[in-house]
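Single-letter residue listing:
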Amino acid sequence: MAGYKPKVISLTKRPGQTFGFYLRVEHGEDGHLIRCLEMGGPAEMAGMKDGDRILRVGGTFVDGLAHSEVVDMVRNSGPTVTFTILDEASYKKAKAKGVNLSDNPSAPVSNGVSKHAEKPKLCYMVKSSSSYGFSLRTVKGEKGLFMTEVVPGSVAHKAGVRVNDRLLEINGENVESLTHEQAVDKIKLCGNCIMFLLVDEDTDKYFQNKRMKMGAWLATTRYLPQTPRKIVMTKGSDGYGFLLRKEPHQKGHYIKDIDRCSPAEAAGLKEMDRIIAVDGKEVENCTHDEVVNQIKQSGNECCLLVVDKETDHMYKLGKASPMLFLEELHDSNSPPSYTEAIKSPAPVQPSAPVRDREEELKPKLCKMEKTAVGYGFHLNGIQGVCGQYIKEVVRGGAADRAGMEDDDIVVEVNGVNVEQSSHDEVVEIIHSSGDSLEMLVAKKSVYDQLKARGVTINRLLLGETSYAQVHKADTPEASTEERHEEEARPETPTEPARERTSSSASSASQDSIDERF
């Protein structure tokens, strides 16, 4: 493959989410094509481009395989998949010249950066049946415990465990010196959930040649099913709208009493989230007053790294710091500064209170500024059918704040009517709009009623103002394409809102220490 430089890109998704692209085969086009990249999604952020061809899934060459086989490979690969891809122009040139694309490139790049060595990996497993789906082997005369007989699609396989991985730690304890029997006994004592620190063959050789000790402090977190969350908030007139609590007999700083429609709620903060870092600085070992001062010093915008109860338990089980996630995110976003890598350039404003009102037959004009994670929605369409609709609006994201909702029908983009435009044409208009976007959309029920009356939908229907309604639209017809898309999105608290505390001062008691923001 001399002259052709494929890229190696690793994508990670959370449970119930997707990777942020469509995998297609198209008439008159060779290969497995990347299409319809989700704006600000993991695939686009990692460097995938429209028209790229997938050459390998993991280590398997797939260029000659059937579409369904490749789809199954991606689906069965667990939360993290590594793709080897080649850009469209290079792929077509290579095909025209009869180049053997299955040859391993001498220097692939990973997520746009030359790949020298991987990291050990944290693999978290929750047993769903009688076994995890792997066996442990030792080799006489060879030091180490190794994974074998990893069942495809099993709990272990989905967690990132692969054949010949060497076992370094079990629940944060080094096991390299244990015998086979001792390691098996330790695994059995762990119950139904366990955290392994593993290293594959190539990475193992790299670190051994460097004579470097491996531990969880070096690990990648990309295989873990839950991730810490970045919460970016812009202070409102009454502060951020949450209480910071330090429990006397519990380590950590916790979020309590989130006000309804506050910046904290809009940004996705949840009750009993534990704060790991403030503006990129770890605070786990700080006092309550030190954390309070760091938040106050952030000015009008603050970025928190937090973990919910389940994520916190997972990291603690492996005796690993959630800061690994932030450091890995910073590395993948280089060269921006540390703070730039964790802060969104666009502030998150409080959501407007929801009001019950009779549905009016008007569209909505949604004006948005792009944040670090994009506009916060997915543009969906049905293959061969004109018309685009909105899906997967991120709570607290730019689109959500602008009034956009799932299943809204797209009428105009930046003043251009797109009702008869193809999906790719609409995506191109959105991409070319830069960092700001204006979309005229209508709820499906509104759109259908206006069309039934023969009304032309445009901005003239808005009158003096536009508004957002809360409405759960009917589920649209399913797409005929295979979807592999994802957007990490925060969840908002579902418990009833409490009356806001008027004071912003801290209150102390024998049981806890609180601070209002």
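Residues numbered from 1 in each chain as written. Predicted model: local features only at pLDDT ≥ 70, side-chain atom pairs only at ≥ 80, totals over all residues. Heavy atoms only, no water.

Caption draft 1: Looking closely at the overall build of the protein chain. Along the backbone of the protein chain there are 14 helices and 29 strands. For the protein chain, with 517 residues in total, the buried portion stands at 50%. Summing over all exposed atoms, the protein chain offers an accessible surface of approximately 25,000 Å²; the carbon and sulfur share of this is 48%. (Helix = DSSP H or I, 4+ residues; strand = E, 2+ residues; numbered from the N terminus. Buried < 20%, exposed > 50% of the residue type's maximum accessible area, 1.4 Å probe, protein only. Areas by Shrake-Rupley, 256 points an atom, 1.4 Å probe, with all protein chains shown as cover.)

Caption draft 2: Main features of the pairing of strand β26 (residues 436-442). The buried fraction of β26 amounts to 5 of the 7 residues, a majority that puts the element mostly inside the structure. Summarising the sheet, strand β21 (residues 364-369) and β26 pair through 6 bridges and their orientation is antiparallel. What sits directly across from Lys367, in β26, is Glu438. Sheet topology note: the strand β24 (residues 409-413)/β26 ladder contains 4 bridges and is antiparallel. Pairing of Val410 across the sheet is with Val441, part of β26. (Pairing = 2+ DSSP bridges.)

Caption draft 3: Representation of the packing of aromatic side chains in the model. Enumeration over the complete set of coordinates arrives at 5 aromatic pairs. Ring centres 5.5 Å apart and planes at 85 degrees place the aromatic pair Tyr206 and Phe207 in the edge-to-face group. By relative accessible area, Tyr206 is classed as partly exposed at 31%. By relative accessible area, which is 5% here, Phe207 ends up buried. Clustering of aromatic rings is evident, with ring pairs tying together Tyr132, Phe134 and Phe196. (Phe/Tyr/Trp six-rings, centres within 6.5 Å; stacked < 30°, edge-to-face > 60°.)

Caption draft 4: Spotlight on unusual backbone geometry. Its identity is not glycine, yet Asn171 carries a phi of approximately 50 degrees, on the positive side. Using a relative accessible area of 13% as the deciding quantity, one classes Asn171 as buried.

Caption draft 5: A look at the environment of Leu450. Here Leu450 is to be found in helix α14 (residues 444-452). With 87 residues separating them in the primary sequence, Leu450 and Pro363 have C-alpha atoms 9.7 Å apart. Not counting the four nearest positions on each side in its chain, Leu450 is found in contact with Leu361, Val455, Ile457 and Leu461. (Contact = heavy atoms within 4.5 Å.)

Caption draft 6: Quick look at the environment of Cys123. Of note, Cys123 is situated in strand β9 (residues 121-126). By relative accessible area, Cys123 is classed as buried at 0%. In this structure the C-alpha to C-alpha distance between Cys123 and Val161, which are 38 residues apart in sequence, comes to 6.8 Å. Those residues in contact with Cys123 that lie beyond four places of it in its chain are Ala159, Gly160, Val161, Ile194, Met195, Phe196, Leu198 and Leu224.

Caption draft 7: A look at the confidence of the model for the protein chain. When pLDDT is averaged along the protein chain, the result is 76; 79% of the residues meet or exceed 70. Confidence drops under pLDDT 50 across residues 332-358; counting only partners more than four residues distant or on other chains, this segment forms 56 contacts. (pLDDT = per-residue confidence, 0-100.)

Caption draft 8: Local environment of the pattern of salt bridges. For the structure shown, the criterion picks out 21 salt bridges. Among the ionic pairs, Arg53 bridges to Glu29, the shortest N-O distance being 2.8 Å. Placement of Arg53 in strand β4 (residues 53-57) and of Glu29 in the loop between β2 (19-24) and β3 (33-35) is noted, with a sequence separation of 24 residues between them. According to the relative accessible area criterion, Arg53 is buried, its value standing at 0%. For Lys391, the salt bridge identified is with Asp407, shortest N-O distance 3.2 Å. Taken together, the positions of Lys391 in strand β23 (residues 388-391) and Asp407 in the loop between α12 (398-401) and β24 put the pair 16 residues apart, joining distant regions of the chain. In this pair, the class of Lys391 matches that of Asp407, namely buried. (Salt bridge = Lys/Arg side-chain N within 4 Å of Asp/Glu carboxyl O.)

Caption draft 9: Region of the structure containing helix α2 (residues 67-75). Regarding α2, the residues found buried are Val70, Val71 and Val74. Projected onto a plane normal to the axis of α2, the buried residues spread over an arc of 100 degrees and lie on a single side. (Arc of directions from axis to C-beta.)

Caption draft 10: Representation of the nonpolar core within the structure. Judged by nonpolar contacts, the single largest core of 23 residues is most densely connected at Leu122, Met195, Leu224 and Leu305. For this core, the secondary-structure elements that each account for two or more residues are β9, β14 (193-199), β18 (274-278), β20 (301-307), α9 (309-317) and α10 (323-332). Among residues more than four places away in sequence, those in contact with Leu122 are Met195, Phe196, Leu197, Ala219, Thr220, Tyr223, Leu224, Ala320 and Leu324. (Core = buried A, V, L, I, M, F, W, Y, C linked by side-chain atoms within 4.5 Å.)

Caption draft 11: Looking closely at the side chain of Gln388. Looking at the element boundaries, Gln388 is found in strand β23. At a separation of 2.9 Å, a polar atom in the side chain of Gln388 contacts the side chain of His423. (Polar contact = N/O pair within 3.5 Å; in protein donor to acceptor, adjacent residues only side chain to side chain.)

Caption draft 12: View of the environment of Gly59. Following the sequence through the fold, Gly59 ends up in the loop between β4 and β5 (60-61). Residue class for Gly59 comes out exposed when judged on its relative accessible area of 65%. Here the alpha-carbon distance between Gly59 and Thr82, two residues 23 residues apart in the chain, equals 8.2 Å.

Caption draft 13: Quick peek at α14. Listed in full, the buried residues belonging to α14 are Val446, Tyr447 and Leu450. For α14, the buried positions fall inside an angular range of 100 degrees around the axis, keeping them on one side. The inward-facing, buried residues of α14 contact β24 and β26.

Caption draft 14: Looking closely at the side chain of Asn171. With respect to the element layout, Asn171 can be found in the loop between β12 (166-170) and β13 (173-174). Once residues lying within four places of it in the same chain are set aside, the contact partners of Asn171 are Cys190, Ile194, Met195, Leu317, Gly318 and Lys319.

Caption draft 15: Focus on the state of the cysteines. Under the defined criterion, the tally for this structure stands at 0 disulfides. Not engaged in a disulfide, the cysteine Cys302 finds its nearest cysteine sulfur in Cys303; these two sulfurs lie 7.1 Å apart. With relative accessibility at 1%, the residue Cys302 sits in the buried group. According to the relative accessible area criterion, Cys303 is buried, its value standing at 2%. (Disulfide = S-S within 2.5 Å.)

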